[in-house]
Amino acid sequence: MGQNLFKSKRNDEDNNNHAQLTDDENLFFEFIVSPEYLDWRNDKTITEEEILKISKKQADMPVQINNYLYLSNAENAHKMDKLKTRNITHVLNVAGPSAQIQDGTIYEKNNIIALNIDADDEEGYPMLKKHLMECQLFVNKCKKMKNGKIVIHCHAGINRSGVIMAAIYMLEEKKNILDVVKHLRLCRGNACLWNESFVKQLIKLASSKALLGPTPNIASNNNVVRKNKNTFNSKKLKSLFD
């Protein structure tokens, strides 16, 4: 009981210490957590055949985010054939021991450098504050290697690795946050980044780096094709990957 009380107090402190959004920032939050706005399938130029092709590609992890960044779940990040075909040189696990490869020597035998970081996928967990800098340092080591390529993964490749990937990609490419999230969801699927506190942390980071971009006008956004009027929430998204 004492441990649960301590954990509860820690989460309360985390919630109070980060991600208090301004009114303008909250517009970005509402835009990101409402799946219909950044649903890659709403692109009028994409055919049904292309949607099926892209969906199949999203499931073939690790998925490529840019020329050296890849996002994955744990299962595929442990498969040497998947890593070799993509010329992966580094693997970053941000889900701790439970998502760590059982035989760590396999990476070493295949000349892959690995780093394991123990982070929680919980609402209120300060993911970026605690782990972004360490992740950036590891990614920078990969970039300094000739033809270096890195896979970032957690269990499902959605939240912990999703927000770390989004933050690093946003900072590296100097892209605004909505373009970043839309790109990640195109690559990994619309379920990417449903942890709302992680989204808030990403918004705060973007705001501090002048990478929010134009403020979305949710009420008058007429460019959205709402193919599915029954929008889904984060709990429904999570159930798809449990």
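These notes cover the structure that comes with them. Values in this document were obtained by computation on a predicted structure and should not be read as measured data. (Residues numbered from 1 in each chain as written. Predicted model: local features only at pLDDT ≥ 70, side-chain atom pairs only at ≥ 80, totals over all residues. Heavy atoms only, no water.)

**Focus on the nonpolar core**
Counting residues in hydrophobic clusters, the biggest one holds 56 residues, and the most contacted among them are I65, L69, I164, I177 and L202. Those elements that provide at least two residues to this core are α2 (23-33), β2 (69-72), α7 (127-144), β5 (150-153), α8 (160-173), α9 (177-188) and α10 (196-208). Tallying contributions element by element places α8 first for this core, with nine residues. For L69, the residues in contact, after removing those within four places along its chain, are V63, Q64, V139, I150, M165, I168 and Y169. The next biggest cluster of nonpolar side chains, apart from the first, holds ten residues, and it includes M80, I88, I101 and Y107. (Core = buried A, V, L, I, M, F, W, Y, C linked by side-chain atoms within 4.5 Å. Buried < 20%, exposed > 50% of the residue type's maximum accessible area, 1.4 Å probe, protein only. Helix = DSSP H or I, 4+ residues; strand = E, 2+ residues; numbered from the N terminus. Contact = heavy atoms within 4.5 Å.)

**Considering the pairing of β2**
Every second residue of β2 is oriented toward a common face, with L69 and L71 on one face and Y70 and S72 on the other, all of them buried. With two bridges connecting them, strand β1 (residues 63-64) and β2 associate as antiparallel partners. Following the sheet pairing, Q64 is matched in β2 by Y70. By the bridge criterion, four bridges tie β2 to β5 in an arrangement that is parallel. By the bridge assignment for β5, L69 is matched with I150. (Pairing = 2+ DSSP bridges.)

**Comments concerning the packing of aromatic side chains**
Enumeration according to the criterion identifies one aromatic pair in this entry. Relative to Y37, the ring of F31 has its centre 4.6 Å away and its plane inclined at 15°; by these criteria the two rings are stacked. Relative accessible area serves as the criterion here: at 7%, F31 is assigned to the buried category. It is K200 that lies over the ring of F29; its NZ or CZ is 5.1 Å from the centre. (Phe/Tyr/Trp six-rings, centres within 6.5 Å; stacked < 30°, edge-to-face > 60°. Lys NZ or Arg CZ within 6 Å of the ring centre and 35° of its normal.)

**Considering the pattern of salt bridges**
When the charged atoms of two side chains with opposite charge come close together, those side chains can pair. All told, the structure shown has six salt bridges when counted by the stated rule. D39 is the salt-bridge partner of R41, the closest N and O atoms lying 2.7 Å from each other. On the accessibility criterion, R41 (31% relative accessible area) is partly exposed. K143 is the salt-bridge partner of E172, the closest N and O atoms lying 2.5 Å from each other. With E172 in helix α8 and K143 in helix α7, this pair connects stretches of sequence that are 29 residues apart. Among the charged side chains, a network of salt bridges with common partners joins D60, K82 and R86. (Salt bridge = Lys/Arg side-chain N within 4 Å of Asp/Glu carboxyl O.)

**With respect to the environment of A74**
If you trace the backbone, A74 turns up in helix α4 (residues 74-77). Through-space distance from the C-alpha of A74 to that of G157 is 7.3 Å; in sequence the pair is 83 residues apart. When neighbours within four sequence positions are excluded, A74 is seen to be in contact with A99, H153, C154 and H155.

**A closer look at the packing of α7 against α10**
The geometry of a pair of packed helices is captured by two quantities: the angle between their axes and the separation between those axes. Relative orientation of the contacting elements α7 and α10 amounts to 60°, with a least axis distance of 10 Å. Facing M127, L128, K129 and L132 of α7, the residues of α10 in contact are F198, Q201, L202 and L205. When its residues are assigned to classes, the contact of α7 with α10 shows six nonpolar, one polar and one charged. (Axes fitted to C-alpha atoms, helices over the stretch in contact; angles between N-to-C directions. Nonpolar A, V, L, I, M, F, W, Y, C, P; charged D, E, K, R; others polar.)

**A few points about unusual backbone geometry**
At the junction of M61 and P62, the peptide bond is cis and its omega measures out at 0° in the coordinates. The topology assignment puts P62 in the loop between α3 (48-59) and β1. One non-glycine residue, N111, adopts positive backbone phi at about 60°. Within the secondary structure, N111 sits in the loop between α6 (105-109) and β4 (113-116). Although it is not a glycine, A210 adopts a positive phi angle of roughly 55°. Structurally, A210 can be placed in the loop between α10 and α11 (234-239). With relative accessibility at 69%, the residue A210 sits in the exposed group.

**Thoughts on α7**
With 18 residues, α7 should reach 26 Å at 1.5 Å per residue; the first-to-last C-alpha distance of 25 Å fits that figure. Along its length, α7 shows its largest kink, about 25°, at M133. Among all positions of α7, only M127, L128, H131, L132, C135, F138, V139 and C142 are buried. (Expected span 1.5 Å × (residues − 1). Bend = angle between axes of the 7 residues up to and from the residue.)

**With respect to α2**
Of the positions making up α2, those classed as buried are E25, F28, F29, F31 and I32. Taken around the axis of α2, the buried residues stretch over an arc of 165°, which confines them to a single face. Each element contacted by the buried residues of α2 is listed here: α9 and α10. (Arc of directions from axis to C-beta.)

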